[in-house]
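Observations on chain architecture
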Amino acid sequence: MPKKILFLLFVVWTLPLKLEAKSVDDNHIRQIVTDMLREKDQKIEQLEARIRQLEQEKGLAPVAAAALNGQGKILAEDLPQPKPTADVTTKTAASDSDDSSMSGKLRALDKKVAELKASTEAHGLNIGGFFDINAKTGNSSDQTFSIGSVELDLDYAYDEHFGASSALLFNGNSDPTAAGGADIAVALVDYHSFDDRIPPRGRIFNNQGWHIQGGRFDLPFGTDYQYYASKDRVTVSAPLTTTRIQNGGYNSDGIRAYGSWNMIHYSAFWTNGVYGGDGSTIGGRLGLSLAQNPYTVHRNTRGAIIDGIEFGVSHLSELDGDNDIRNTVYGADLSIGYGMWRLQNEFMLLQAHRQVYLDADDNIVSAPTEYPFGKNHQLGYHTTLIADLDNLIKQPVQVFARYGRWQPSQKLASDYDGTTVAINDVSMLSIGLNYKFSDYLRIKFEYDDTLGTHTAERYFDKRLGITQIVMSF
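An account of the accompanying structure is given in this report. (Residues numbered from 1 in each chain as written. Predicted model: local features only at pLDDT ≥ 70, side-chain atom pairs only at ≥ 80, totals over all residues. Heavy atoms only, no water.)

Looking at the overall build of the protein
Put simply, the rule is: Segments assigned H or I by DSSP are reported as helices when at least four residues long, segments assigned E as strands when at least two residues long, and all are numbered from the N terminus. What makes two residues a contact is simply this: any of their non-hydrogen atoms within 4.5 Å.
Secondary structure assignment for the protein yields 6 helices and 21 strands. For the protein, restricting intrachain contacts to residue pairs at least 6 apart in sequence, the fraction spanning at least 24 positions comes to 57%.

Below you can see the structure in the form of structure tokens.
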């Protein structure tokens with residue numbers, strides 16, 4: 001019993017000491033933890049200060065902000081652009097210098113035009129056009145500089161089968177015999193299958209498919225109808241088959257159908273009269289293409305012409321108001337491409353079915369009089385050789401030579417003002433070159449010589465030098 005009492009007394013006496021010791025140990029541990037946390041905070045502050053220093057020196061503010069905010073990833077747009085070194089700065093300055101050059105400005109213009117076209121094409125509308133500026137040596141019009149034509153082309157695909165296209169043309173003063181002012185060269189509605197593009201002018205057989213159209217359009221006759229627009233023509237002037245027999249190119253109001261199937265392409269039209277003020281015209285063209293896709297202008301990576309042969313025959317009959325035949329025109333064309341060369345040939349024969357008469361003052365009239373003059377038959381042809389020198393000289397240059405001949409059966413004709421003048425057979429030799437600055441800018445040089453032939457027409461030039469600048473958009 002006394003031992004138990006002594007043990008209890010001992011416990012009572014030592015318990016406060018143990019509690020005090022435990023309290024001392026807890027305080028010590030707490031002090032150690034506090035010191036460690038303070039040291040950690042100091043290191044964090046030092047780290048933040050170092051990061052801020054790096055931000056100022058390296059411009060990495062978005063990276064540091066992402067790290068401090070605890071983001072799991074850093075987006076590409078958060079990364080800053082590094083400052084260019086002296087070498088990069090020098091190159092940038094050189095690039096800016098290049099952009100200020102002619103080639104740099106042309107590249108910038110090409111880019112802007114391409115962006116505009118892409119924006120409109122996304123809504124089914126193709127917008128294009130061109131204008132040309134001409135400079136001539138001494139000529140019968142007494143004009144050195146002139147504006148040829150300004151044209152705006154629209155091609156709209158409404159849905160899978162319907163569309164429309166138009167070409168608004170403004171004639172300048174380069175041709176004094178042509179009427180000036182604005183005119184509608186093409187305006188048509190179109191129903192199609194497979195091929196959903198409706199080019200208003202130029203090469204219409206671009207893809208497999210068929211079209212039925214109504215409105216105003218160029219008549220697909222021969223091969224030069226593809227090049228009525230100066231932006232599509234390699235040469236400056238048109239051949240004699242176009243300027244003489246077709247009176248500048250067949251164009252009229254009516255309906256037409258055309259299409260392509262494998263190697264064959266065809267067209268048929270029914271329009272108003274192309275020579276007289278009344279009546280109608282019926283005709284068409286049938287073509288065959290070999291060793292190429294006949295519906296695209298084939299070129300390799302540098303623009304040289306790919307091998308291929310295209311042959312076509314054309315026919316046109318013009319009827320008067322009583323449905324009697326007034327004129328018949330036959331045509332044949334052959335184009336051959338081989339490597340850098342392209343040879344184009346065209347032949348036309350116009351047979352008139354009406355007599356031409358002279359009145360008492362020797363003026364040509366259509367009404368019967370006592371002076372029958374005969375029928376106005378005409379024959380014309382040309383051959384054109386084009387060489388694409390791009391692969392040879394590494395420059396976008398095409399050179400050309402063309403010989404043409406026009407032979408009328410009559411030796412009198414009406415001039416632009418209605419007066420009667422003497423005419424003869426005409427030969428024409430044309431040589432020149434075509435330089436492509438970009439897809440939208442070309443310059444052409446051409447020299448024409450009639451080789452001693454001539455007529456008494458007011459605006460007939462025996463020899464002529466022409467420079468033409470064509471701007472497309």
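A closer look at the sheet that holds strand β12 (residues 355–358)
Which entries qualify depends on this criterion: Two strands qualify as a pair provided that DSSP identifies no fewer than 2 bridges between them.
Read from one edge of the open sheet, 3 strands run β13-β12-β14, paired in antiparallel fashion. Of all strands in the sheet, those bounded by a partner on one side alone are β13 (364–365) and β14 (372–375). Across 2 bridges, β12 lies against β13 in antiparallel orientation. Along β13, the bridge assignment pairs Tyr 357 with Val 365.

Some remarks on the pairing of β12
Pairing geometry for β12 and β14, over 3 bridges, is antiparallel. Paired with Gln 355 across the bridge in β14 is Lys 375.

Re the nonpolar core
Note the following rule: In these notes, a set of buried Ala, Val, Leu, Ile, Met, Phe, Trp, Tyr and Cys residues joined through side-chain atoms within 4.5 Å is what counts as a nonpolar core. Using a 1.4 Å probe on the protein chains alone, a residue whose accessible area is under 20% of its type maximum counts as buried, one over 50% counts as exposed, and one in between counts as partly exposed.
Among the nonpolar cores identified, the biggest contains 25 residues, and Leu 219, Phe 221, Ile 245, Tyr 250, Leu 316, Val 329 and Trp 406 are the most heavily contacted of them. For this core, the elements supplying multiple residues, two or more each, are β3 (162–171), β4 (181–193), α5 (240–245), β11 (341–352) and β19 (426–438). Ignoring sequence-local partners within four residues, the contact set of Trp 406 consists of Leu 240, Arg 244, Ile 245, Gln 378, Leu 379, Gly 380, Ile 423, Asn 424, Asp 425 and Val 426. Ile 204, Phe 205, Tyr 225 and Tyr 228 belong to the second largest nonpolar core, which has 5 residues in total.

Keep in mind these numbers describe shape, not what the thing actually does.
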